[in-house]
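Each chain, letter by letter, is given below.
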2 protein chains.
Amino acid sequence: MADIPIDSGKDIMSTGKRVLVVDDDAKTVELVQLYLKRDGYKVLIAYDGNEALHLAREAKPDLVVLDLMLPGVDGLEVCRQLREESDVPIIMLTARTTEADRLKGLDLGADDYVTKPFSPRELAARVRAVLRRIPEEVLMRGPEEVYYGKLAVNFRKHEATLAGTVLNLTPIEFKLLGILSREPDRVFSRAQLIEMAVGYDFDGFDRTVDVHIHNVRRKLDSVPGHSVQIKTVYGTGYKLALGVSN
Amino acid sequence: MADIPIDSGKDIMSTGKRVLVVDDDAKTVELVQLYLKRDGYKVLIAYDGNEALHLAREAKPDLVVLDLMLPGVDGLEVCRQLREESDVPIIMLTARTTEADRLKGLDLGADDYVTKPFSPRELAARVRAVLRRIPEEVLMRGPEEVYYGKLAVNFRKHEATLAGTVLNLTPIEFKLLGILSREPDRVFSRAQLIEMAVGYDFDGFDRTVDVHIHNVRRKLDSVPGHSVQIKTVYGTGYKLALGVSN
DNA sequence: TCCGTCTTAATAATTTCTTAATAATTAGGT
DNA sequence: ACCTAATTATTAAGAAATTATTAAGACGGA
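Notes on the structure in this doc start here.

Here is what the cut-offs are and how they apply
- Residues numbered from 1 in each chain as written.
- Chains lettered and ligands numbered in written order.
- Predicted model: local features only at pLDDT ≥ 70, side-chain atom pairs only at ≥ 80, totals over all residues.
- Helix = DSSP H or I, 4+ residues; strand = E, 2+ residues; numbered from the N terminus.
- Buried ≥ 20, exposed ≤ 12 C-beta atoms within 10 Å, placed from the backbone.
- Contact = placed C-beta atoms within 7 Å.
- Near = placed C-beta within 6 Å.
- Nonpolar A, V, L, I, M, F, W, Y, C, P; charged D, E, K, R; others polar.
- Pairing = 2+ DSSP bridges.
- Axes fitted to C-alpha atoms, helices over the stretch in contact; angles between N-to-C directions.
- Core = buried A, V, L, I, M, F, W, Y, C linked by C-beta atoms within 7 Å.
- Expected span 1.5 Å × (residues − 1).
- Arc of directions from axis to C-beta.
- Parallel < 35°, antiparallel > 145°, perpendicular 65-115°, else oblique.
- Left-handed = near helix turned anticlockwise from the far one by under 90°.
- Right-handed = clockwise from strand over helix to strand, strands pointing away.

All right, on to the overall build of chain A then. What chain A contains, in helices and strands, is 10 helices and 12 strands. Taken over 246 residues, chain A has a buried fraction of 33%. A separation threshold of at least 6 residues defines the contact pool for chain A, and within that pool the share at least 24 residues apart is 58%.

Written out as C-alpha cells, the structure is:
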C-alpha cells in the first residue's frame, strides 16, 4: 500500500492535540492508542464513564473517542454530560447500528460514528478528519510558492518575504496573505477569508478579519520600497493589489 | 437593522432547503442524510450519475453534495453537466484523489470539497457555510466579466474599467452598472434597479436611483473617448447603450 | 509564569446613502 | 409654437453604514 496516510497529517502532528479514549476493553484501548500516538496525538485513557467525565474536565481534550458500552455510567449518558459542559468533538464507537441508535447519538451531539469491529486505521483517519477543521489543502494545493510584485509566499517553508525581507507573520496572518496572494486582485469577503484562514466552524465575528488585515498591512508597510498592498473594497471585502510604491 | 440575528448557521433550518446527495455508498449516504436532516434540510438521494442529473433537473436542489467516484457517469462529468445547466452550488466529496483531480473539480465549478473520510458534522457545517454565502455571491455567478463597448465589468475583481481606466464605483453604483451591463439595451425600471442593487426590503423611495445613476454617469463621463452611456427612457427607467463618442 | 496570538470591544475616521430642494427637460394638448 | 404638468437632473448636507485603529482580556504553549 501507498503507506502515505490519506492526508499527510503532519501538520497536525506538531500540534500534539489531546485525544481522550474511553473504552473498558484494554485491548481495544491499547490498539487505538498505538495508532493515535503514531499520528502524533497525546492519548488520554479512561476505562469507565466516571473516569471519562473526570478526565475530560481536567485535561480538556481536543476530541473524545467514546465507546457506547461502558460499565457504570452509560456511554450515551457520558456523551450528554460532555455536551452540556463543552463542544468537544465526539466520535462514538458502537456495535449497535440501528437507525434509532444513530439518531440517539446524533441528538446527543456526536460528531461521527465508527461501528465495531473497526479497523484502527479507519478510526485514526476519522480522528484526523474531525480535527481537521481547516483543510490544509486550502493552503497546500497549488504551487509551493507564489509571487506578486516583490512579495513571495512560500507555503512549504510557511514563510513570506517582501523585497527580500522576511515578514514575521502569525499563522492566521500567513494564511490570509496566502489566500490573497493566490489570486491577486480578486476580492474576498470577510466570511470567505475567515472560513479559509480560521476554519469553517468559526463562530465569532466577521470583524476579526479587520484586525488581522490591519496587522498584515502594518508588517507589509514596515518594508520600504515596494508596492504590494491590501486594498479595501468598501462593502465587499479585501483584495491584494499593486499600488503606489511607498 | 439590528435585532435579526445575522445567521449563526442553524437558523437556516427553517428555510428547509433541498440538498441532493450523490454517492453510491449507502452507508455514507445514510450518515450524511442523518446530519443534514437534523439541520432541517430536505435530502434528496441519487446513487449514480444519471440519477443525479435527472433529480437535479426535476427537483432543482439548492445544493449538491457530489461524490467524485461514481458508477456510470463520472462525478466530474456530472459536475460539468450541472454547471452547464445551472448555478447550483456543489460540494465535492473526494476520496484520496490526486491534486490534479481536485483542481479539475474546482475548475469545473465546485464550490468546495471535502476529502474522505470526513466528519459528517464537518460536511454539515460546510453545507451551511456554502448556503450562507449564496446571497453575497449571487452576482458572482454567471460570467466573471462582461464587456460592452469599451466598458468591462469584472465581478471577481469587483472592478469596472472604461477604456482601460478604473472607475471608482461605490457598492451600489457597481451593482447598478453590473446589472445594466449584463443586458445592454434592456430597460430597467427604477423599482427593478432598486430591488436588485439595494435589496428587496428597501423602504426608501424610487428617486434614490436617480442620484446613483447620476453618479455613475459622472464617473463614466470622466473618461474621455468612449461611447458607453446610460440612457434615460422617459417614464420608464434606464438602460445601457452606445451613444456618440465624447 | 511569561510570551505570543487571537478575539473582542470601544471609539475614531472614512465612505457612502438618502433625502430634500431647486433647476432642467420632456410630452402632450391647444 | 407655446404652455403646463409630469418627469428627470443636479446639488449639497445630514444621516447611516462601513472600516481603521487601538488597547485590553483570554487562552494556550514553552
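Let us look at the protein's contact with DNA strand D. Lining the immediate environment of DNA strand D, one finds 19 residues, of which A:Asp210, A:Thr232, B:Asp210, B:His214 and B:Thr232 sit closest. Within the residue set of the surface near DNA strand D, elements represented by two or more residues are α10 (208-221) of chain A together with α9 (208-221) of chain B. Top contributing element to the surface near DNA strand D by residue count: α9(B), with 5 residues. Tallied by class, the residues present in the surface near DNA strand D amount to 7 nonpolar, 8 polar and 4 charged.

Another aspect to go through is the protein's contact with DNA strand C. Surveying the vicinity of DNA strand C reveals 22 residues, the closest of which are A:Thr170, A:Gly204, B:Thr170, B:Ile172 and B:Gly204. Those elements giving two or more residues to the surface near DNA strand C turn out to be α8 (171-182) and α10 of chain A together with α7 (171-182) and α9 of chain B. Among the residues making up the surface near DNA strand C, the classes are represented as 14 nonpolar, 6 polar and 2 charged.

Right, let's talk about the sheet that holds strand β9 (residues 165-167) of chain B for a bit. Residue and element names in this part refer to chain B. If you walk across this open sheet you meet the 4 strands as β6-β7-β8-β9, and the pairing is antiparallel. At either margin of the open sheet sits one strand with a lone partner, and together these are β6 (145-148) and β9. Between one strand axis and the next, the sheet turns by 25 degrees as a mean value, whatever way the strands run. Of the strand pairs in this sheet, strand β7 (residues 151-154) and strand β8 (residues 159-162) are connected by 4 bridges, and their pairing is antiparallel. Bridge pairing links Leu 151 to Leu 162 in β8. Contacts from α7 reach β6, β7 and β8, with the element oriented near 115 degrees to β7.

On to the nonpolar core. Grouped together as the largest cluster of nonpolar side chains are 70 residues, with contacts concentrated most on A:Val22, B:Val22 and B:Ile91. At 7 residues, helix α5 (residues 120-132) of chain B tops the list of elements feeding residues into this core. Core analysis: the second largest hydrophobic core is formed by 23 residues, A:Ile179, A:Val187, A:Val216 and A:Leu220 among them.

All names here are of chain A. Between its first and last C-alpha, α10 extends 20 Å over 14 residues, near the 20 Å set by a 1.5 Å rise per residue. For α10, every residue scored as buried is listed here: Val 209, His 212, Ile 213, Val 216 and Leu 220. An end-on view of α10 places all buried positions within 100 degrees of arc, on one side of the element. The outward face of α10, more than 90 degrees from its buried face, is lined by the exposed residues Val 211, His 214 and Arg 218. Elements that come into contact with the buried residues of α10 comprise β8 (159-162), α8, α9 (190-197), β11 (228-233) and β12 (237-242).

Attention now moves to the sheet that holds strand β10 (residues 188-189) of chain A. Residues and elements named next belong to chain A. Taking strand neighbours across the sheet as the criterion, the 3 strands line up as β10-β12-β11 in an open arrangement whose pairing is antiparallel. At either margin of the open sheet sits one strand with a lone partner, and together these are β10 and β11. Contacts from α10 reach β11 and β12, with the element oriented near 150 degrees to β11.

What follows is about the packing of α8(A) against α9(A). Residue and element names in this part refer to chain A. Here α8 crosses α9 at 120 degrees, and the two axes come no closer than 9 Å. The angle between the axes of α8 and α9 places the two elements in the oblique class. In this structure, α8 crosses over α9, and the sense of that crossing is right-handed. In this structure, α8 contributes Ile 172, Lys 175, Leu 176 and Ile 179 to the contact, and α9 contributes Leu 193, Met 196 and Ala 197. Residue classes in the contact of α8 with α9 are distributed as 6 nonpolar, no polar and 1 charged.

The next thing to look at is unusual backbone geometry. A positive phi angle is found at A:Lys60, which is not glycine, with a value near 45 degrees. By secondary structure assignment, the location of A:Lys60 is in the loop between α3 (49-59) and β3 (63-67).

With that out of the way, let us pick up the pairing of strand β1 (residues 18-22) of chain B. Residue and element names in this part refer to chain B. Counting buried positions along β1 yields 4 of 5 residues, so the element is predominantly enclosed. Sheet analysis places β1 next to strand β2 (residues 42-46), joined by 5 bridges and oriented parallel. Bridging across to β2, Val 19 finds its partner in Val 43. Crossover handedness for the path β1 to helix α1 (residues 26-38) to β2: right-handed.

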